[in-house]
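Descriptive analysis of the structure
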Amino acid sequence: QVQLVESGGGLVQPGGSLRLSCVASGVILSLNTVGWYRQAPGKERELVASIGIGVMTVYPDAVKGRFTISRDNAKNMVWLQMNSLKPEDTAVYYCNCKQPFTGVTYWGQGTQVTVSS
């Protein structure tokens, strides 16, 4: 059974930083594309960072230069370092794992990030 468990969310002031963690069981993250997505109230879920089987990373313009995705293959974990946070970054953040050949996708339960003064 595949499980992705996120942690590290919370309340932070604008300009602050948070680091989200995603630990996986039942799947080897280094063999899959792993992404962080977020969903704000009333909005669609959107990609904020992804890392492929190699080291290639992808970021949308909204977070480029502020967010960094990284992976520890030995620990089977992925992190999302978020700096210079803005109120519009407020959302539930989800860890996602997609198998490259089957397209089978797994999701974590999400962690709330709130950026507010």
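Refer to the preceding data block for the structure.
Residues numbered from 1 in each chain as written. Predicted model: local features only at pLDDT ≥ 70, side-chain atom pairs only at ≥ 80, totals over all residues. Heavy atoms only, no water.

Quick look at the side chain of Arg38
Along the chain, the position of Arg38 falls in strand β4 (residues 33-39). Here the side chain of Arg38 touches Glu46 through a polar contact of 2.7 Å, side chain to side chain. Among the polar contacts made by the side chain of Arg38, one reaches the side chain of Asp89 at a distance of 2.8 Å. (Helix = DSSP H or I, 4+ residues; strand = E, 2+ residues; numbered from the N terminus. Polar contact = N/O pair within 3.5 Å; in protein donor to acceptor, adjacent residues only side chain to side chain.)

Quick notes on the sheet that holds strand β8 (residues 77-82)
A sheet is described by the order of its strands in space; here four strands give the open sequence β1-β3-β8-β7, paired in antiparallel fashion. Single-partner strands in this sheet number two, and they are β1 (3-7) and β7 (67-72). Sheet twist, expressed as the average angle between the axes of neighbouring strands with direction ignored, equals 15°. Summarising the sheet, strand β3 (residues 18-25) and β8 pair through six bridges and their orientation is antiparallel. Each bridged residue has a counterpart across the sheet, and for Cys22 the counterpart in β8 is Val78. (Pairing = 2+ DSSP bridges. Axes fitted to C-alpha atoms, helices over the stretch in contact; angles between N-to-C directions.)

Concerning the nonpolar core
Formed by 28 residues in total, the largest nonpolar core has its most connected members in Trp36, Leu80, Met82 and Tyr93. Residue assignment for this core shows that the elements contributing at least two residues are β3, β4, β5 (46-51), β7, β8, β9 (91-98) and β11 (111-115). (Core = buried A, V, L, I, M, F, W, Y, C linked by side-chain atoms within 4.5 Å. Buried < 20%, exposed > 50% of the residue type's maximum accessible area, 1.4 Å probe, protein only.)

No statement about biological role is implied by the geometric values presented.
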